[in-house]
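Here is how the chains run, residue by residue.
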Amino acid sequence: FISLDTSVVRAATFSSIDSVAGSVAIHIDGIFMPAFNGLKADENDKVFTSDNSEVVVKSFDDSVNRLSSNSILEINELDDQSRSYVEVSVLDGTVWSKVISLNDVKSSFVMDFNGLKVEADGNAAFNIEIDKGKAEVEVVTSAVDIESSVEKEKVVKGEKLVLDVKNSELGNEKKIR
């Protein structure tokens, strides 16, 4: 007789550096180090790009974040226990995100920037650019919800939302189609 463990297999909850071009650093456990392909990144780690550099960070759920030059991304939460949940923060610069494998109703991908949240709960691609107190959120495929502490707005494919993010509210916004 053969004994088999039939419990559910879970993917490891970490992100990894998938591609590096130029000078990219990562802050892991209080230590700065050069980023390289295959390097694991976990909760609370930060990825930094410098001039003329970019990096791709891939999460366990196959979501992808591509940072352009002079950008900072922090990995806030990675959870695959009760649902697939990835939360990251754009601290500066431009980050393009593609959410691919959110098939469960409870699954979501959340990106924070200046106290606002962009949430994708399906397959979506979007770009966030932060510069001098302004943020642009451009949706390339599907739709995302942008949420402040008091309101939520849906932005769909082909739309761009330009925000004044100084007060972490959706207050001064302009939707461009």
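Everything here concerns the structure above.
Residues numbered from 1 in each chain as written. Predicted model: local features only at pLDDT ≥ 70, side-chain atom pairs only at ≥ 80, totals over all residues. Heavy atoms only, no water.

For this particular structure, what's the right way to read the side chain of Ser148?
Within the secondary structure, Ser148 is located in the loop between strand E14 (143–147) and strand E15 (152–156). Polar side-chain contacts of Ser148 include one of 3.2 Å to the backbone nitrogen of Val150. (Helix = DSSP H or I, 4+ residues; strand = E, 2+ residues; numbered from the N terminus. Polar contact = N/O pair within 3.5 Å; in protein donor to acceptor, adjacent residues only side chain to side chain.)

Looking at this model, I keep getting lost on the packing of aromatic side chains. Mind explaining?
What characterises a pair of aromatic rings is the spacing of the ring centres plus the angle enclosed by the ring planes. The final tally for this structure, using the stated rule, is two aromatic pairs. Summarising the aromatic geometry, the rings of Phe32 and Phe48 are spaced 5.3 Å apart at their centres and angled 55° between planes, so their arrangement reads as tilted. Separated by 16 residues along the polypeptide, Phe32 in strand E3 (residues 31–34) and Phe48 in strand E5 (residues 46–49) bring together distant segments of the chain. With relative accessibility at 55%, the residue Phe32 sits in the exposed group. Between the NZ or CZ atom of Lys40 and the centre of the ring of Phe14, over which it lies, the distance is 4.5 Å. Note that Arg66 overlies the ring of Trp96, its terminal NZ or CZ placed 4.6 Å from the centroid. (Phe/Tyr/Trp six-rings, centres within 6.5 Å; stacked < 30°, edge-to-face > 60°. Buried < 20%, exposed > 50% of the residue type's maximum accessible area, 1.4 Å probe, protein only. Lys NZ or Arg CZ within 6 Å of the ring centre and 35° of its normal.)

Just checking my understanding: could you explain the pairing of strand E6 (residues 54–59) for this structure?
Where a strand is regular, its side chains alternate between the two sheet faces. Bridge count between strand E1 (residues 15–21) and E6: six bridges; the pairing is antiparallel. Considered in E6, the bridge of Ile17 is made with Val57. As judged from the four bridges shared by E6 and strand E7 (residues 64–67), these two strands associate in the antiparallel manner. Bridging across to E7, Val55 finds its partner in Leu67. Counted along the chain from E6 to the antiparallel partner E7, the turn is four residues long, and its residue Asp62 has a positive phi close to 75°. (Pairing = 2+ DSSP bridges.)

Quick question: what am I supposed to make of the pairing of strand E16 (residues 160–164) here?
With four of five residues buried, E16 is to be regarded as a mostly interior element. Sheet topology places strand E13 (residues 134–141) next to E16; five bridges connect them, and they run antiparallel. Paired with Val137 across the two strands is Leu161, which belongs to E16.

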